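Observations on the model geometry
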Amino acid sequence: MVADAQRLARMLGELGRVTDEPGQLTRTFLSPAMQRANTLVATWMNTAGLATRVDTAGNLIGTLPAPVPTRRTLLLGSHLDTVRDAGKFDGALGVLLPIVALATLRRRGISLPYNVEVVGFSEEEGVRFARAYLGSEGYTGRLPAAALTLRDASGVTIKDALRAFNGGTFAAPVFAHQRGDVLGYVEVHLEQGPVLENEGLAVGVVSGIAGQSRFTLRWVGRAGHAGTTPMKLRRDALAAAAEFTLAAESLARKTAGLVATVGMMAVEPGAANVIPGEVRHTLDVRHARDAVRRAAVATLQRTASRIAQTRGLKLTWQKSQDHAAAVCDAALTRALGRSVRAVQGRELSLVSGAGHDAVVLSACVPATMLFVRCREGLSHHPREYVATSDLAVALRVVDDFLMTQAPVSAP
Ligand code: HGY
Ligand code: MN
Ligand code: MN
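Definitions and limits used
Residues numbered from 1 in each chain as written. Chains lettered and ligands numbered in written order. Predicted model: local features only at pLDDT ≥ 70, side-chain atom pairs only at ≥ 80, totals over all residues. Heavy atoms only, no water. Donors = N, O, S within 2.8 Å, 3.2 Å for Na, K, Ca; no water. Helix = DSSP H or I, 4+ residues; strand = E, 2+ residues; numbered from the N terminus. Domains from an automatic or database assignment. Buried area = accessible area lost by both parts, 1.4 Å probe. Salt bridge = Lys/Arg side-chain N within 4 Å of Asp/Glu carboxyl O. Polar contact = N/O pair within 3.5 Å; in protein donor to acceptor, adjacent residues only side chain to side chain. Nonpolar A, V, L, I, M, F, W, Y, C, P; charged D, E, K, R; others polar. Buried < 20%, exposed > 50% of the residue type's maximum accessible area, 1.4 Å probe, protein only. Axes fitted to C-alpha atoms, helices over the stretch in contact; angles between N-to-C directions. Parallel < 35°, antiparallel > 145°, perpendicular 65-115°, else oblique. Left-handed = near helix turned anticlockwise from the far one by under 90°. Contact = heavy atoms within 4.5 Å. Core = buried A, V, L, I, M, F, W, Y, C linked by side-chain atoms within 4.5 Å. Near = heavy atom within 4 Å. Areas by Shrake-Rupley, 256 points an atom, 1.4 Å probe, with all protein chains shown as cover.

**Regarding the coordination of the manganese ion (ligand 2)**
Donor atoms from the polypeptide that bind the manganese ion (ligand 2) are His79 (NE2), Asp90 (OD) and His189 (NE2), placed at 2.1 to 2.2 Å. In primary sequence terms, the donor set of the manganese ion (ligand 2) follows H-x10-D-x98-H. Taken as a pair, the manganese ion (ligand 2) and the manganese ion (ligand 3) show a spacing of 3.4 Å, with Asp90 coordinating each metal. Separated by eleven residues along the polypeptide, His79 in strand β3 (residues 73-79) and Asp90 in the loop between β3 and α3 (92-107) bring together distant segments of the chain.

Now the structure itself:
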């Protein structure tokens, strides 16, 4: 497995150089780099014996049929899009690792008694349209029509982008499988946290994924001269957004398990000597328990309204997504855990604070995840890193799972 892990590391490095922004790794929904990534990964899928296609939502789908025709199918995958200035493991690991595992089985002349489908989802991070999971929602036939009107920074709607990608027309994809035919969905992903490293473990299984709410807030005050406008006469949109950002941070700091982040902020008109008249920013709120997350969102909505009123600004608060916490399928997670114990000797179960495509898949098929240790728990950062020795452990776990633990009949 060491040679396979080294090959996987090289593939991750090569894919990590396919970017929309030279000098850093950025691949966003339906971008030129995303399409080059689909082409590159499709060649690796073909080499492993998978037939490939791209659906109308931009998802790359590789299918390896069982030697004896059957409808039973195991799904593996993750996303091929990235955040801005990303690391090369987030998403890509969960697409490339299964491809290497299947290529290894093929080299050993081993076939599986069920079909395997490996999916590279086109959009999980939600960078371009501030809405995550567009790829897996499309793949599972759950892309909400209401989402298609969301616009990116240049005013292009999701529908426009999908039409352009599909040669002028767009028909949303439908899920290609009957629920009863799918043995399960397994997503391999770096942990993006410090737990495995602290425990001295290479891999762990995931019991659940935190729910997340995302919003775009727009503060409208009045631009003005920075030198001549007295402070008491200002309606400074950036000062209001800053006060809100600190209020969100303070609420999260005093609420156990809650995280709140303002990750993107656009300031208009954006000149040093002009009081900001308009600010648009995102808000991302997460917690393992939906009731806590929803209560926090309600508190922050009240806080934002109070700030806007006090400062004489207009505020609009647009929800771009709301995903309940997901519980991984117990039987599938136990099966994966048996492979972890067989390889690593010890099994650790974690809750994911990060969102994943498994959230969407878990709504329609049994889903679980394998987490892989990452250095310092760092992710969404160019220094994101998974040791090749840990890639080898993860490959051995997936190999064991495919050969011995995967359920050969759907639940
Ligand atoms: O934002 C997240 O939780 C994930 O990395 N998409
Ligand atoms: Mn990810
Ligand atoms: Mn991510």
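**What about the domain arrangement of the protein?**
As assigned here, the protein comprises domain 1 (2-210 + 325-404) and domain 2 (211-322). Here domain 1 meets domain 2 over a buried area of about 920 Å², counting both sides, of which 44% is carbon and sulfur. Counting the surface domain 1 buries against domain 2, the share from its top three residues, Ala130, Ala210 and Ala325, is 46%. Inspection of the domain 1/domain 2 interface yields zero salt bridges. Viewed at the interface, domain 2 and domain 1 are joined by seven residue pairs in polar contact (both at pLDDT 80 or more). Here the residues of the side of domain 1 that touches domain 2 sort into nine nonpolar, three polar and two charged.

**Some details on the coordination of the manganese ion (ligand 3)**
Of the protein atoms, only Asp90 (OD), Glu125 (OE), Glu125 (OE) and His380 (NE2) coordinate the manganese ion (ligand 3), at distances of 2.1 to 2.7 Å. The sequence pattern formed by the donor residues of the manganese ion (ligand 3) is D-x34-E-x254-H. Among the residues examined, Glu125 registers a relative accessible area of 8% and is labelled buried.

**Examining the packing of helix α1 (residues 2-15) against helix α11 (residues 388-405)**
One can describe the packing of α1 onto α11 by two numbers: an axis separation of 8 Å at closest approach and a directional angle of 115°. Taken together, the axes of α1 and α11 lie roughly perpendicular to each other. Once α1 is placed against α11, the crossing between them reads as right-handed. Counting all contacts with α1, which are made through Asp4, Ala5, Gln6, Leu8, Ala9 and Leu12, the residues of α11 involved are Thr388, Leu391, Ala392 and Leu395. Looking at the contact of α1 with α11 residue by residue, the classes come out as seven nonpolar, two polar and one charged.

**Some details on the nonpolar core**
Ranked by size, the top nonpolar core spans 62 residues in total, and within it Leu15, Val41 and Leu402 carry the most contacts. Top contributing element to this core by residue count: α3, with eleven residues. Look past the residues within four positions of Val41 in its chain and what remains in contact with it is Leu15, Leu60, Leu80, Val95, Leu96 and Ile99. Core analysis: the second largest hydrophobic core is formed by 27 residues, Phe121, Ala326, Cys328 and Val359 among them.

**Concerning the site of ligand 1**
The environment of ligand 1 is made up of Glu124, Glu125, Gln192, Arg214, Arg286, Ala354, Gly355 and His380. With respect to ligand 1, the side chain of Glu125 contributes an N or O atom lying 2.9 Å from a nitrogen atom. Here an oxygen atom of ligand 1 sits 2.4 Å away from a polar atom, N or O, in the side chain of Arg286. Across the complex, the protein chains shield 94% of the 210 Å² of accessible surface that ligand 1 would expose by itself. Its residues assigned to classes, the shell around ligand 1 comprises one nonpolar, three polar and four charged.

**Structural notes on the packing of helix α7 (residues 237-253) against helix α8 (residues 290-311)**
Following both chains from N to C, one finds α7 and α8 inclined at 150°, their axes separated by 10 Å at the closest point. The orientation of α7 with respect to α8, classified from their angle, is roughly antiparallel. Once α7 is placed against α8, the crossing between them reads as right-handed. Judged by residue contacts, Ala239, Ala240, Glu243, Phe244, Ala247, Ala248 and Leu251 of α7 engage Ala296, Thr299, Leu300, Thr303, Ala304, Arg306, Ile307 and Arg311 from α8. Taken together, the residues that form the contact of α7 with α8 break down as ten nonpolar, two polar and three charged.

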